[in-house]
Amino acid sequence: MSEQVLERAIELHKGGQLREASALYEQILEAEPGNARVWSMLAQIWSSRLLFGRAEQCLRRAIEHEPGQFLYHAFLAAALRRQGRWDEAIASIEEAIRLRPDHPDLHVDLITMLDAMGRDAGEARARFQRVLPSDPLELDRQSEAMAGLASRRRAALALLERACELDDTSAARWERRGRLALDLGRLDEARACFERALALDEACPDAWAGLVTICERQGDLAGARWYASGAVQKRPDDIDLQIALARLDRRQGDVPAALARLSRLRSEAKTTSRWTWATILTELGWTLDALGRYNEALGCFQEAQQTARERKAAQRHPIGAMRLWLEGVRERVGNLTPEQWSHPGDDEPGPILLVSFPRGAGSMLERLLSAHPRLKSLGGQAVMSETLRQAHLMAGSDVPYPTVLETLDDEQIVELRRFYRRRAQELGVGDGLIALDTRRMNLTLLGITTRLFPNARVVADLMDPRNAVLNAYFELFAPDPVTVHLHTVEDAAALYEQVMGLFLAASERLGIPVLRVHERRWQEDARETAHEVLSFLGLEADMGVLSTVGLAPRAAGSPAPVPPPAHQEARWEHYPQVLDGVLGRLQPFIERFKQESA
């Protein structure tokens, strides 16, 4: 009976029904108090709800019954760290290392903790080096085994860095290192690695493809096409490169060429990964949408999302966990007392946050700001979320967000600012530059932003709620706790309702300067809107920046600039059958945003 109950509990856990799953875990433990695995599973639920004290209690029970399992000690170290109990956390991770000395993740965790505490990590690094294989091929193998999990990518990158020290002549190794650096948002390091790979082997198409991605993220479509064309010459049958060229065709206005390329891929791609197949269908859907073939486009998007939802990577993230967190934050934000918060002096400019409901990169607003010489993008990395985690560590208790903000004293605020700026510096924000934080779901983190940086500025990149939900559903995002809610329109609309409701409530309660820029305003007067955004941010209207997005006045006789892309304000009108069931959730936002953008 307990096995059946456990299977059901795990199923509920994976599905995001955390309260129901925890009740079943507790039911099992009443009958089997020595079941270490179930204690560990229950600890995972408490951790996901940021109740780290309860997670600690469960993990200590697991260790009591199975002291030789290194994972329980590693999980306990994480729970202790999140409570700010650093010395105990280090002792626990040291015990995990004693039990499993060859596990690189444990060493990386220890080094990270020592660095965060300002302690000398030299001995830990030396020990890490000693347990690493001296064979670069074995380092490659271990790195590849861990790179598939986001939580292990830093460790995987550390292994590849060591492998490159031992043997710097492998183009494939430099390419893999570049790919991991790219995944972690370290664009400059990624570019250097890809360029090193091409210097060793000009026919290394994966390095070409990486440079395509970097250029696209930076809005350099001409550079992206140059690299993509070069890569295809080296490997004409590479499906990912063909998809990239099709996307560039569409984005640069040659939609028929994009359609021809994608139609050929769809008919020829007999066997491919689920992700690649979903990517082909998604890009084909956007291309058919641009041609006005909406029913065909919808069929592609639906098949793409169904394919993506079936991937194991997506199933690792339980549906509903994010919405449960948002529900709690919304309940607590009204009880905050920002008028009583102290704000220790800060002479440096605060970050600029560009937020929106999840959407693909490359909007007019993002391209405008990314091109400004005073701004440096953080590459979409979750730096504000990382900073919030540090705040929870400092709290030393199970204080949930955003209540935790009211426990911070001036010294902690200064330290958290330093943490954020150190991470920004790692991502290329040098002296004289302002961090441009384009993590779209910072939409839900106005509390920590306000608490640390009262001089921060937030620009909300908004569109009609129906378009926002459709565009999120039509995109193909890497799976995480947020994006797994975008595989169906119903889940996307439910997430939109919670996210935007929290954003509006927090904006009003916290008083942080927010400029809400609606898509319709870009359509009506893009140049004036660009000037308004830059003025709000205190930035000069740099002609080079305006030229980048086709908005600078042109001199007499000069060639006409490339026009900005059409924004298709009424895309939702072409897909009424998809939205019928969710309009009730969206209607309050539709009315409000219509009034604001009028």
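Just above, that's the structure.
Rules behind the numbers
- Residues numbered from 1 in each chain as written.
- Predicted model: local features only at pLDDT ≥ 70, side-chain atom pairs only at ≥ 80, totals over all residues.
- Heavy atoms only, no water.
- Pairing = 2+ DSSP bridges.
- Helix = DSSP H or I, 4+ residues; strand = E, 2+ residues; numbered from the N terminus.
- Axes fitted to C-alpha atoms, helices over the stretch in contact; angles between N-to-C directions.
- Contact = heavy atoms within 4.5 Å.
- Parallel < 35°, antiparallel > 145°, perpendicular 65-115°, else oblique.
- Left-handed = near helix turned anticlockwise from the far one by under 90°.
- Nonpolar A, V, L, I, M, F, W, Y, C, P; charged D, E, K, R; others polar.
- Buried < 20%, exposed > 50% of the residue type's maximum accessible area, 1.4 Å probe, protein only.

Here we look at the sheet that holds strand β4 (residues 457-462)
Phase 1 of the analysis: The strand order across the open sheet formed by five strands is β2-β3-β1-β4-β5, and the pairing between neighbours is parallel. The two strands at the open ends of the sheet, each matched to only one other strand, are β2 (375-377) and β5 (514-518). Mean inter-strand twist for the sheet, computed between neighbouring axes without regard to direction, equals 20°.
Phase 2 of the analysis: Lying over the sheet, helix α26 (residues 489-510) contacts β1 (352-355), β4 and β5, oriented at roughly 140° with respect to β5.

Structural notes on the packing of helix α11 (residues 171-183) against helix α13 (residues 205-217)
Phase 1 of the analysis: Look at α11 against α13: their axes get within 9 Å of each other, and the N-to-C directions meet at 20°. In terms of axis orientation, α11 runs roughly parallel to α13. Here α11 and α13 pass one another in a crossing that is left-handed. Where α11 approaches α13, its residues Glu175, Arg179 and Leu182 are matched on the opposing element by Asp206, Ala207, Ala209, Gly210, Thr213, Ile214 and Arg217.
Phase 2 of the analysis: Here the contact of α11 with α13 is composed, by residue class, of four nonpolar, two polar and four charged.

Regarding the environment of Arg186
Phase 1 of the analysis: Here Arg186 is to be found in the loop between α11 and α12 (187-200).
Phase 2 of the analysis: When its relative accessible area of 25% is taken as the criterion, Arg186 is described as partly exposed.
Phase 3 of the analysis: Put simply, Arg186 and Leu378 are 192 residues apart on the chain and 8.5 Å apart in space, counted from C-alpha to C-alpha.
Phase 4 of the analysis: Discounting chain neighbours no more than four positions away, the residues touching Arg186 are Arg154, Leu157, Glu161, Ala181 and Leu427.

A short note on the pairing of β1
For a regular strand, side-chain orientation follows a simple rule: the groups alternate between the two sheet faces.
Phase 1 of the analysis: On β1, burial covers both faces: Ile352 and Leu354 on one face and Leu353 and Val355 on the other are all buried.
Phase 2 of the analysis: Across two bridges, β1 lies against strand β3 (residues 434-437) in parallel orientation. Note on β3: the bridge partner recorded for Leu353 is Asp437.
Phase 3 of the analysis: Both β1 and β4 contribute to a ladder of four bridges, which runs parallel. Along β4, the bridge assignment pairs Leu353 with Val458.

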